Amino acid sequence: MGIIGFIIVGLIAGFLARAIVPGKDSMGILATIVLGMVGSFVGGLLGSLISGDGIDFSAAGIIGSIVGAIIVLIAYNAFTGKKKSHH
């Protein structure tokens, strides 16, 4: 996957992760792309561990990237204390 393809997959994965994880995000487009790109590596790592290939830090496809971006976004929100519900 070329760098442009990686950026596009990152944007799509980051956008979908933000749409799936409940609450309001105040991320710009660059942060959304970074979220998706980091998520791609997290998804690739999880995929390699699940398949039994050991630890492999490679980029994942679109589904793995979305799953990874959701995990990264949830972890980020938990770490920063964002998105706590105020009822």
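Structure: above.
Right, let's walk through the structure included here. (Residues numbered from 1 in each chain as written. Predicted model: local features only at pLDDT ≥ 70, side-chain atom pairs only at ≥ 80, totals over all residues. Heavy atoms only, no water.)

Looking now at the overall build of the protein chain. In terms of helices and strands, the protein chain carries three helices and zero strands. When its helices and strands are written in sequence order, the protein chain yields α-α-α. Buried positions account for 30% of the 87 residues belonging to the protein chain. Taking all contacts inside the protein chain whose residues are at least 6 apart in sequence as the whole, residues at least 24 apart take part in 58%. (Helix = DSSP H or I, 4+ residues; strand = E, 2+ residues; numbered from the N terminus. Buried < 20%, exposed > 50% of the residue type's maximum accessible area, 1.4 Å probe, protein only. Contact = heavy atoms within 4.5 Å.)

Compared with an ideal rise of 1.5 Å per residue, which puts 23 residues at 33 Å, helix α2 (residues 29-51) spans 32 Å between its outermost C-alpha atoms and is within 8% of the ideal. Restricting attention to buried positions, one finds in α2 the residues T32, I33, L35, G36, G39, S40, G43, G44 and S48. Here the buried face of α2 lies against α1 (3-20) and α3 (62-80). Following α2 by one or two positions, G52 adopts a phi angle in the positive range, close to 85°. (Expected span 1.5 Å × (residues − 1).)

Further remarks concern α1. If you check α1, its first and last C-alpha atoms are 25 Å apart, about what 18 residues at 1.5 Å a residue would give, namely 26 Å. For α1, the full list of buried residues reads F6, V9, G10, A13, G14 and A17. One side of α1 holds all its buried residues, which, seen down the axis, span an arc of 130°. The outward face of α1, more than 90 degrees from its buried face, is lined by the exposed residues I4, F15 and A19. Contacts made by the buried residues of α1 are with α2 and α3. (Arc of directions from axis to C-beta.)

With that out of the way, let us pick up the packing of α1 against α3. The geometry of α1 relative to α3 is characterised by a closest axis approach of 8 Å and an angle of 50° between their N-to-C directions. In terms of their interaxial angle, α1 and α3 are classed as oblique. Helix-helix and strand crossings are classified by hand; for α1 and α3 the assignment is right-handed. Contacts between α1 and α3 involve V9, I12, A13, G14, L16, A17, R18 and I20 from the first element and I62, S65, I66, A69, I70 and L73 from the second. A class-by-class count of the residues in the contact of α1 with α3 yields 11 nonpolar, two polar and one charged. (Axes fitted to C-alpha atoms, helices over the stretch in contact; angles between N-to-C directions. Parallel < 35°, antiparallel > 145°, perpendicular 65-115°, else oblique. Left-handed = near helix turned anticlockwise from the far one by under 90°. Nonpolar A, V, L, I, M, F, W, Y, C, P; charged D, E, K, R; others polar.)

Interhelical geometry of α1 versus α2 gives an angle of 100° and a closest axis separation of 6 Å. In terms of axis orientation, α1 runs roughly perpendicular to α2. Along its contact with α1, which presents F6, I7, G10, L11, A13, G14, F15, A17 and R18, the element α2 presents I29, T32, I33, L35, G36, M37, S40 and F41. Tallied by class, residues from the contact of α1 with α2 come to 11 nonpolar, five polar and one charged.

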